[in-house]
Amino acid sequence: MEITLMFSALALGFASGFHCIGMCGPIALSMGLTKKQATNYYLQNLTYQFGRITTYSFLGAVLGIVGQSFKLAGFQSYLTILVGILLITMAVFSFGGKDFASKIPFLSKFLYKVKMNLGKLLQKADYRSRFSTGILNGFLPCGMVYMALTASLAAGGILQSAGFMALFGLGTLPFMFAIVLVGNLMTTAFRIKVLKVIPFVMIILGGLFILRGLELNIPYISPAASSLHVHDKNSPMKMGEMCH
């Protein structure tokens, strides 16, 4: 995976951290982990986080099928530009500190139902239930996850898209792990201020994707088309290549 995509995935995840505290923080806090559990306290937290990242990776792999199809058809650069435009569009709808997914009626209802069903798992304290909670948590309608999934299309393959979403999940890990450790110490007013900055970060990332798709031969940011493909040594050389 290109370093630009790796950076974008981690940056997107890290920027989503404050958003995750508001959306998924209550679920994490409801698990009832206490420091009296010593080692289990940290292991169960990590098990829950790993469940979330597993779901993100799975969803990325599914969308990676689409991305790979575009790549094989020779439309990867166009898809990357489209992804950048979609990221900017979704960022615009996120202004005001609200998750754009919450503005879609049927997603809001689905979000409520999933949270209600998570209640049964939250009452259990074994590792399987922690992992299952993370798995289900990853399926919750979330605008930031949708942005990351959209961006993963540009990775160009199943494994690449899965890796992109795994890095996105790792980017959210510091905030989500900390919220279980220290509780919700962040004031609502402060979190709202940070959330207002996130759309600007998304717009910058969207711009990076557009530049990448334009293939302007700018190292790391917009590599040329030739640098994005690995030629098979056994493949026949083109006439132009034989002349050099």
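Reading guide: rules and limits
Residues numbered from 1 in each chain as written. Predicted model: local features only at pLDDT ≥ 70, side-chain atom pairs only at ≥ 80, totals over all residues. Heavy atoms only, no water. Patch = residues over 30% accessible without salt bridge, like charges linked within 9 Å, V, L, I, M, F, W, Y side chains within 5 Å. Areas by Shrake-Rupley, 256 points an atom, 1.4 Å probe, with all protein chains shown as cover. Salt bridge = Lys/Arg side-chain N within 4 Å of Asp/Glu carboxyl O. Helix = DSSP H or I, 4+ residues; strand = E, 2+ residues; numbered from the N terminus. Buried < 20%, exposed > 50% of the residue type's maximum accessible area, 1.4 Å probe, protein only. Contact = heavy atoms within 4.5 Å. Expected span 1.5 Å × (residues − 1). Core = buried A, V, L, I, M, F, W, Y, C linked by side-chain atoms within 4.5 Å. Phe/Tyr/Trp six-rings, centres within 6.5 Å; stacked < 30°, edge-to-face > 60°. Axes fitted to C-alpha atoms, helices over the stretch in contact; angles between N-to-C directions. Parallel < 35°, antiparallel > 145°, perpendicular 65-115°, else oblique. Nonpolar A, V, L, I, M, F, W, Y, C, P; charged D, E, K, R; others polar.

1. Here we look at a nonpolar patch on the surface
So, step 1. Taken together, the side chains of L211, L214, L216, I218 and I221 present a nonpolar region at the surface, about 380 Å² in accessible area.
So, step 2. For I218, the location among the structural elements is in the loop between helix 9 (188-214) and helix 10 (239-242).
So, step 3. Accessibility expressed as a relative area gives 34% for I218, which makes it partly exposed.

2. Things to note about the environment of I81
So, step 1. Secondary-structure assignment places I81 in helix 4 (residues 76-93).
So, step 2. Discounting residues that sit within four places of it in the chain, I81 has contacts with F209, I210, G213 and L214.

3. Overview of helix 6 (residues 127-138)
So, step 1. Helix length check: helix 6 (12 residues) gives 17 Å between terminal C-alpha atoms against 16 Å at 1.5 Å per residue, within 8%.
So, step 2. Those residues of helix 6 that fall on the buried side of the exposure criterion are S129, R130, T133, G134, N137 and G138.

4. So, the nonpolar core
So, step 1. Grouped together as the largest cluster of nonpolar side chains are 30 residues, with contacts concentrated most on V83, M165, M202 and F209.
So, step 2. Listing elements by their share of this core, those giving two or more residues are helix 1 (3-23), helix 3 (39-72), helix 4, helix 7 (143-152), helix 8 (158-182) and helix 9.
So, step 3. Apart from the residues lying within four places of it in its own chain, the contact partners of M202 are L12, A15, L87, A91, M144 and M147.

5. Side note on helix 7
So, step 1. Summarising burial for helix 7: 9 of the 10 residues are buried, a large majority.
So, step 2. Those residues of helix 7 that fall on the buried side of the exposure criterion are G143, M144, V145, M147, A148, L149, T150, A151 and S152.

6. Describing the packing of aromatic side chains
So, step 1. Under the defined criterion, the tally for this structure stands at 3 aromatic pairs.
So, step 2. A centroid spacing of 5.8 Å and a plane angle of 35 degrees characterise the contact between F50 and F131, whose relative ring orientation is tilted. On the criterion of sequence distance, the pair formed by F50 in helix 3 and F131 in helix 6 is long-range, its members being 81 residues apart.
So, step 3. Given the relative accessible area of 51%, F50 is considered exposed.
So, step 4. Judged by relative accessible area, which is 27%, F131 ranks as partly exposed.

7. Overview of the packing of helix 4 against helix 7
So, step 1. Where helix 4 meets helix 7, the closest approach of the two axes is 9 Å, and the angle between their N-to-C directions is 170 degrees. Taken as axis vectors, helix 4 and helix 7 run roughly antiparallel relative to one another. On helix 7, the residues touching V83, L86, L87, M90 and A91 of helix 4 are Y146, M147, T150 and A151.
So, step 2. Split by residue class, the contact of helix 4 with helix 7 holds 8 nonpolar, 1 polar and no charged.

8. A few points about the environment of Q76
So, step 1. Locating Q76 in the fold gives a position in helix 4.
So, step 2. Here Q76 falls in the buried class, since its relative accessible area comes to 12%.
So, step 3. Along the primary structure Q76 and A155 are separated by 79 residues, whereas in three dimensions their C-alpha atoms are 8.9 Å apart.
So, step 4. If we ignore the near neighbours within four places in the chain, the residues touching Q76 are G67, F70, K71, L153, A154, A155, G156 and R212.

Distances and angles like these do not, on their own, reveal function.
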